[in-house]
Amino acid sequence: MLKQASTVGARNGRPRTISAGQQALKWISPAGIVLIFVFGYSLISLFTQSFRYDGKWVAFENFTLVLTDPLFQTALKHNFYLLFTVPVMVFLAFLLAVTLFETRRGMSFYRAAVFLPYVLPIPVVAVVFGQIYQLRGALNIFLTAIGLDGFAQDWLGEPKIALGTMASVILWKEVGFGVILLLAHIISLPSEVFEASRIDGAGFFRVHWSITRPQIMNTIVFFSVIEAITMVSWVFNYVYVMSNGLGGPGDSTLVSELYIYRSAFSNKAPELAAAAAVCLFLCTLLLVVAFFRIQRRSISGTFGR
Amino acid sequence: MSITRSGIHGSLLGGASRYLLLTFMAATALIPGYIMFVGAFKTQADFLNSPYGIPASLSFGGFRSAWTDKFPQWLINSFVITTGSVVVSVFIASLAAWGFAHFPFKGRETVLGVTVSLMVVPPVVLLIPLFQVGVHLGLISTLRLVIIIYVGLMLPFSIYMLTNYFKSIPNSILESASVDGASPLRIFSSIVIPLSGAPLITLGVVNLLWAWNELLLALVFLQSNEKRTLMVGITGFQSRYSLDIPTVMAGMSIATLPLVVAYLFGQRFFIAGLTAGSVKGE
Amino acid sequence: MNSRKNFIIGTAVLALLLTACSSSSKDVSTAKKITFPTEDLTLNISWWGEQEAPGATKWLEETMALYHKEHPNVTMKQVLQTTEGLVPAFEAAAAAGAGPDIQYFWGGIYAQQPGWDGHIAPISDYLDAEELSHYINAGVEEGYQGKIWTAPWYVNPSFPLLVRKDILEKNGLTTPANWDELMKVCDVLSKKKITTIAGGVKDGWFGGWIYSILGGQSVQSQKDVINAVVGNTSFTDPEHAGWWVKLAESKTHKCWNDDINSLELYQAQQRFVDGKAAMTITAGPDAPNFAKKAGGDSNVTIMAMPAWSDGPMAGKMGTTSQTLGITKWSKYPQVAADFIKFGHTAERLNAWYKLTGSMPADDRFDLTQVESQSTKALFESAISGAPYLENFIPAQLDAEAVFKNVQLILKGSVTPEAAAADMQAQMERLRKTDRKLVDNFTAWSK
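Fair warning: this is a prediction, and the values are worked out from it, not measured in the lab.

Conventions adopted
- Residues numbered from 1 in each chain as written.
- Chains lettered and ligands numbered in written order.
- Predicted model: local features only at pLDDT ≥ 70, side-chain atom pairs only at ≥ 80, totals over all residues.
- Helix = DSSP H or I, 4+ residues; strand = E, 2+ residues; numbered from the N terminus.
- Buried ≥ 20, exposed ≤ 12 C-beta atoms within 10 Å, placed from the backbone.
- Contact = placed C-beta atoms within 7 Å.
- Rg over C-alpha atoms; globule rule 2.2 N^0.38 Å.
- Nonpolar A, V, L, I, M, F, W, Y, C, P; charged D, E, K, R; others polar.
- Domains from an automatic or database assignment.
- Axes fitted to C-alpha atoms, helices over the stretch in contact; angles between N-to-C directions.
- Parallel < 35°, antiparallel > 145°, perpendicular 65-115°, else oblique.
- Left-handed = near helix turned anticlockwise from the far one by under 90°.
- UniProt positions renumbered as here; feature names shortened; annotations may be inferred.
- Core = buried A, V, L, I, M, F, W, Y, C linked by C-beta atoms within 7 Å.
- Pairing = 2+ DSSP bridges.
- pLDDT = per-residue confidence, 0-100.

Peer 1: Where do I start with the overall build of chain A in this structure?
Peer 2: Within chain A one finds 15 helices and two strands. The burial tally for chain A puts 53% of its 305 residues in the buried class. A fraction of 72% describes how many contacts in chain A between residues 6 or more apart in sequence connect residues 24 or more apart.

This is how it looks when you write it as structure tokens:
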């Protein structure tokens, strides 16, 4: 397949030398225009609004109100807890990806099955899991049937565990995405990688953990970043439909996005929503920057130029 | 095909236990889909009595109330929005990603960083300002506006993913082409794109699912009945005081079916795309 | 203070006289006809309510068609919003200053707030006082300093307790006449593993209902609640906090289904229909349907929540109306108002009852056509019912203090004292974050 490279362009001479910046601009500008259209005005108006109340400049008053709100603190804390789902999800995705890679018979069936949750619309997921996790729902019926009634819980009704239940649903739905991403990368790896280890006689999982994992590290990091961002800024749909827009029971599943949404729409406090959104934006930005640092350190030399 | 998958079987995690794991995961993944599908054929009373069993008698009431006169229109709207936004987003994201990956211009990391960081903006906070822009341009309740917004929201992720991928294409391939005198456009269209089947298809699928299932923006920006998307139309069956589960399930089944069918039929293509990427990393 | 009050009353009286004169004079009403636009125009209606009053869509379509026949230059379009979409869509439209001409609002604070925010034009600017005086609950819920923001559309008797006689009789019980009798019923039924009252608080709303029907019993009127909102009294005072104790008592007596926290209200109500629970509480417009499904008048009693206190509202059915308002940006507010009025003509009122089985918000509705005695009694109670408390506290307090603490009390996670203290703490915070709240509520209660 490498021969493609040599068949391309038999002309002599290099292209005109234009600065890399100008060249890049041509490629990037279509995306740039759309991004500025969608985010430009919105973000500016968001930032200005966060410093105003009723059209008047109020400096940091909105921020003080938001940051001292126990509800917003709770919401941020819950987003932080949800981040702990990410390593579990990444590990599970990796385990499933290598297992699928090693499976010949029925691979396409299993792969389709594992990917299915990612296909289902979130409202369906909410309605179905709402049923399964009820006090008299499928899960507790199942647990009772196999003699584990001690583990039966009011999964969505008990404030202490509701966030964990929510996390399990997010995990269930998002893990398929990771499996597909990682599997795509593993399949694209050269086979020699695995042949060498077969000669060593290394165990199945050890081979993949010590040999495959470093090879696909950039995809693992990519998936981790995406999921970390999901846990902080894109869980709205899950929480909204699973808790009927309340973040309940009590405020046990309240997250920042829901706080922002409620401030803007139910509570008619767009200035507080803006201030909270700015805080959330800065938090996530911090997270992403930290991740990029780690990514550059861990994969430089493995991939890229 | 350069893949050999023999040889690592039979050791620590034996074949049987691997299948056990896969079967367990597959079952976990399939059960909710099953509940949705059989739920669609029940009556409300049946569903509340036995939500999980096979329906005693098939009821099409859920489908009947889900399939309103606007349903075909909603389906078309969803189809137009999804296709439009996926095609546009993947196309311009791949251009931009190539721009980022191939040209080491000054400030590249910063621009890329800012672009990617837009991913962290929750769509919720964009609703009101974007609506103001939409009204200003007279584009409320048009599919065009929703497509542009979807493209904008999908771009940061798409650019990040593709840049990551393009960067991992070995230099040696690209350099030999440059030596042969190919222009960046030529290299892009005849080397990079053919090598990137897997990420492009994966990205297409991810964007497709997101656009098809998106709810919040569609709710607010498509105000007329004729312009609604399928997901919005169906969520309308849910309510403040009542929840007609079979109707919701039936609607959801119909809404999910195109995706599942597309996925099953597209699998071969999908696999081809995945394995086409196998040359990279060499 | 006094002179200001006098001034307001004076202005209000003057305004009333003026409108009364203008509506009685034929010349003026023909003048109105002349100002009615003749060019082609489109009115958009954004609404909700099909879920609690099934048949409403059909009624609206019919009404629009009939109106178009009378005014061929007026084309009407309606969009039924989802529960999720109703408020965001309106808020986005308001922020942009463009959108529907007629918008649906729940009663009380849900109609007041958009008025305070300047998003709606008062209906009283376009309909005369005599006409509006027939609209049930308009004054109490939508009135603000002599204005009326929105026009009641249909009534929500709020919220009836539905009792199955068959289950009570089988267990040697009778319909409870007061709170203590209800607790005794709970004791007996819970020993036999029968749910007394089926409920679900996962979706929250039911918490607000419970607040209204229990909390309403210890206050004198809705003004007491507004006093606590603005800070003259506290939500920890006995008149405002007593109901938390009663709610906790109902949990101790095992009145509710044990999975109340993981069920949505409607799922729970179904158990009443299925004969698995002796009682339930339903939305007012839906109560006749539920009663019919569970055996009709011979088997189901529709009643107000048994009294636990001797307050003036104890044991009395509450009432609230769902309303339609005219948006500030509508180019044809007078046409919008005329359409709303058209919906209150006798023929349209009767059609509403026929299509939805519920009560239109108009005291001119002819009650003799209602056959079921229990439904008739329900409708009658809604004409002069007790104010519905949930509509007189900030929506945010409702969701973040009431919904939340009802969930926690029913789970046994907090004490009644802690719930009341939390509600008071949230109210105090809210007065800080919503910097106009005190002024608005104070003006409203005047």
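Peer 1: I would appreciate a short explanation of the overall build of chain C in the present structure.
Peer 2: Each helix and strand in chain C was counted, giving 20 helices and 13 strands. Computed over its C-alpha atoms, the radius of gyration of chain C comes to 22 Å, within 12% of the 22 Å expected for a compact globule of 446 residues. Oriented by its inertia axes, the alpha-carbon framework of chain C measures out at about 70 × 50 × 35 Å. Scored against the burial criterion, the 446 residues of chain C give a buried share of 55%. Contacts in chain C between residues at least 24 apart in sequence constitute 79% of all its contacts with a sequence separation of at least 6.

Peer 1: What should I look at first to understand the interface of chain C and chain A in this one?
Peer 2: Often, the extent of an interface is quoted as the loss of accessible area on bringing the components together. At the interface, 30 residues of chain C touch 26 residues of chain A. When residues of the side of chain C that touches chain A are traced back to their parent elements, those giving at least two are helix H4 (83-96), helix H18 (395-411) and helix H19 (416-433) of chain C. A total of nine residues in the side of chain C that touches chain A trace back to one element, the largest contributor, which is H18 of chain C. Taken together, the residues of the side of chain C that touches chain A break down into seven nonpolar, eight polar and 15 charged.

Peer 1: Explanation requested: the domain arrangement of chain C in the structure shown.
Peer 2: All names here are of chain C. Domain assignment breaks chain C into domain 1 (36-157 + 320-383) and domain 2 (161-316 + 388-435). Here the C-alpha centre of domain 2 lies 28 Å away from the C-alpha centre of domain 1. If you look at the interface, domain 1 gives 21 residues, while domain 2 gives 17 residues. No other element matches the five residues that helix H17 (residues 373-383) contributes to the side of domain 1 that touches domain 2. For the side of domain 1 that touches domain 2, the per-class residue count stands at eight nonpolar, 11 polar and two charged.

Peer 1: Teacher, can you tell me more about the packing of helix H2 (residues 20-50) of chain A against helix H7 (residues 143-167) of chain B here?
Peer 2: Think of two packed helices as two axes; the pair is described by the angle between the axes and how far apart they sit. The N-to-C vectors of H2 of chain A and H7 of chain B enclose an angle of 120°; their axes lie 9 Å apart at closest approach. On the basis of their axis angle, the class for H2 of chain A and H7 of chain B is oblique. The crossing of H2 of chain A and H7 of chain B is left-handed. Only Ile148, Ile149, Val151, Gly152, Leu153, Leu155 and Ile159 of chain B of H7 of chain B make contact with H2 of chain A, whose side of the interface consists of Ala31, Val34, Leu35, Phe37, Val38 and Phe39 of chain A. Grouping the amino acids of the contact of H2 of chain A with H7 of chain B by side-chain chemistry returns 12 nonpolar, one polar and no charged.

Peer 1: What should I look at first to understand the interface of chain B and chain A in this one?
Peer 2: The interface of chain B with chain A comprises 100 residues on the first partner and 96 residues on the second. If one sorts the elements of the side of chain B that touches chain A by residue count, helix H13 (residues 245-276) of chain B sits on top with 12 residues. The class makeup of the residues in the side of chain B that touches chain A is 65 nonpolar, 27 polar and eight charged.

Peer 1: It is not clear to me how the UniProt feature "transmembrane region" (unreviewed entry) in chain A should be interpreted in this structure. Could you clarify?
Peer 2: All names here are of chain A. In the UniProt entry, the feature "transmembrane region" (unreviewed entry) is given for residues 24-44, 80-101, 113-133, 215-236 and 272-292. For residues 215-236, the helix share is 86%, the strand share is 0%, and the end-to-end C-alpha distance is 34 Å. Within residues 272-292, the helical portion is 100% and the strand portion 0%, while the C-alpha atoms at the span's ends are 30 Å from each other.

Peer 1: For this particular structure, what's the right way to read the nonpolar core?
Peer 2: One broad rule of soluble globular proteins: the nonpolar side chains tend to lie buried together. Counting 332 residues, the largest nonpolar core has Ala97, Val179 and Leu182 of chain A as the members making the most contacts within it. Here alanine 97 of chain A is in contact with Val179, Leu182, Leu183 and Ile186 of chain A, once residues within four sequence places are set aside.

Peer 1: I keep staring at the pairing of strand S8 (residues 161-164) of chain C and nothing clicks. Help me out?
Peer 2: On a regular strand, one side chain projects to one face of the sheet and the next to the other, so that they alternate. All names here are of chain C. Residues Leu161 and Val163 line one face of S8 and the alternating positions Leu162 and Arg164 line the opposite face, and both faces are buried. In terms of strand pairing, S8 meets strand S11 (residues 300-303) through four bridges, oriented antiparallel. Counterpart to leucine 162 in the pairing with S11 is isoleucine 302.

Peer 1: Any chance you could explain unusual backbone geometry here in plain terms?
Peer 2: For residues that are not glycine, phi is negative in most cases, and the peptide bond is trans in most cases. Residues and elements named next belong to chain A. Looking along the chain, the bond that leaves glycine 248 and enters proline 249 is cis, with omega of 0°. With respect to the secondary-structure elements, proline 249 resides in the loop between helix H13 (236-242) and helix H14 (256-266). Phi at lysine 268 is positive, roughly 50°, even though this residue is not glycine. With respect to the helices and strands, lysine 268 occurs in the loop between H14 and helix H15 (270-299). The exposure class assigned to lysine 268 is buried, which follows from the 22 C-beta atoms found within 10 Å.

Peer 1: What's the story with the domain arrangement of chain A in this structure? I'm lost.
Peer 2: All names here are of chain A. Segmentation of chain A into domains returns domain 1 (25-59) and domain 2 (68-299). For domain 1 versus domain 2, the separation of C-alpha centres amounts to 30 Å. Elements that contribute at least two residues to the side of domain 1 that touches domain 2 include exactly H2 and strand S1 (52-53). In terms of residues, the side of domain 1 that touches domain 2 owes the most to one element, H2, which gives four residues. In the side of domain 1 that touches domain 2, the residues fall into three nonpolar, two polar and one charged.

Peer 1: Any chance you could explain the environment of threonine 48 of chain A here in plain terms?
Peer 2: Looking at the element boundaries, threonine 48 of chain A is found in helix H2. Sequence-wise, threonine 48 of chain A and arginine 293 of chain A are 245 residues apart; in three dimensions their C-alpha atoms are separated by 30 Å.

Peer 1: Please explain the sheet that holds strand S9 (residues 195-198) of chain C as it appears in this structure.
Peer 2: Remark on secondary structure: sheet strands pair via backbone hydrogen bonds, oriented parallel or antiparallel. Residue and element names in this part refer to chain C. Spatially, S9-S10-S8-S11 is the arrangement adopted by the four strands of the open sheet, whose pairing is mixed. Each having just a single partner strand, S9 and S11 make up the two edges of the open sheet. Here the strands of the sheet are splayed against their neighbours by 20° on average, with no regard to which way each runs.

Peer 1: How should I be thinking about the confidence of the model for chain C in this particular structure?
Peer 2: In low-pLDDT regions, the fine details of the predicted coordinates are not to be read closely. Residue and element names in this part refer to chain C. Looking at chain C, pLDDT values average 90 and 92% of them are 70 or higher. Within the model, the stretch residues 1-5 combines pLDDT values under 50 with zero contacts to residues more than four positions away or in other chains. Contacts for the low-pLDDT stretch residues 16-34, under 50 throughout, to residues beyond four places or in other chains number nine contacts. Among the scores for the predicted complex, ipTM is 0.84 and pTM is 0.85.

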